[in-house]
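Each chain is listed here by its residues.
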Amino acid sequence: MEMHEWRGGWDRAEEATQALKVALEGLGVPEGQTVRLRPTVSGRGTPWVDVGMVPAHVAVRIAEAVAAGAP
């Protein structure tokens, strides 16, 4: 994989990480509880967001928000 491919994946992973942080803050989750969200890129260049560990009450908020938006 060339560096520009990796960098493109990294940029998308960073954007997704930031979007998730903003969404969680919109649910009332303090910034200090989203510090473990990390952008990462696989060896093939696939962008990922490593969620790591979140407090249980944050997981419940995420689940409720996802369920509320589900068709």
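Every residue gets a number counted from 1 within its own chain, in the order that chain's sequence is written. Where totals are concerned, whole chains, interfaces and linings use all residues; where local detail is concerned, this predicted model gives features only for residues with pLDDT of at least 70, and gives and counts side-chain atom pairs only at 80 or more. The side-chain figures draw on all heavy atoms in the structure; neither hydrogens nor water molecules are used.

A.B. asks: Explain the packing of aromatic side chains to me, using residue names and the numbers behind them.
C.D. replies: In summary, the pairing rule links any two rings of Phe, Tyr or Trp, Trp by its six-membered ring, whose centres are within 6.5 Å, and it sorts them by plane angle into stacked for under 30 degrees, edge-to-face for over 60 and tilted for everything else. Inspection of every chain in the model, using the stated rule, returns one aromatic pair. Ring centres of Trp6 and Trp10 lie 5.5 Å apart, and the angle between their planes is 10°; this geometry places the pair in the stacked category. Remark: Trp10 and Trp6 occur in helix H1 (residues 3–26); sequence separation between them is four residues, near one turn of the helix. Helix and strand assignments follow DSSP, with helices taken as H or I runs no shorter than four residues and strands as E runs no shorter than two, numbered in order from the N terminus.

A.B. asks: Tell me about the side chain of Thr17, and please be specific about residues and values.
C.D. replies: In this fold, Thr17 is placed in helix H1. Contacts of Thr17, omitting those with residues within four sequence positions, involve Leu37, Arg38, Pro39 and Val49. Contacts are residue-level and defined by heavy atoms, with any inter-residue pair within 4.5 Å sufficient.

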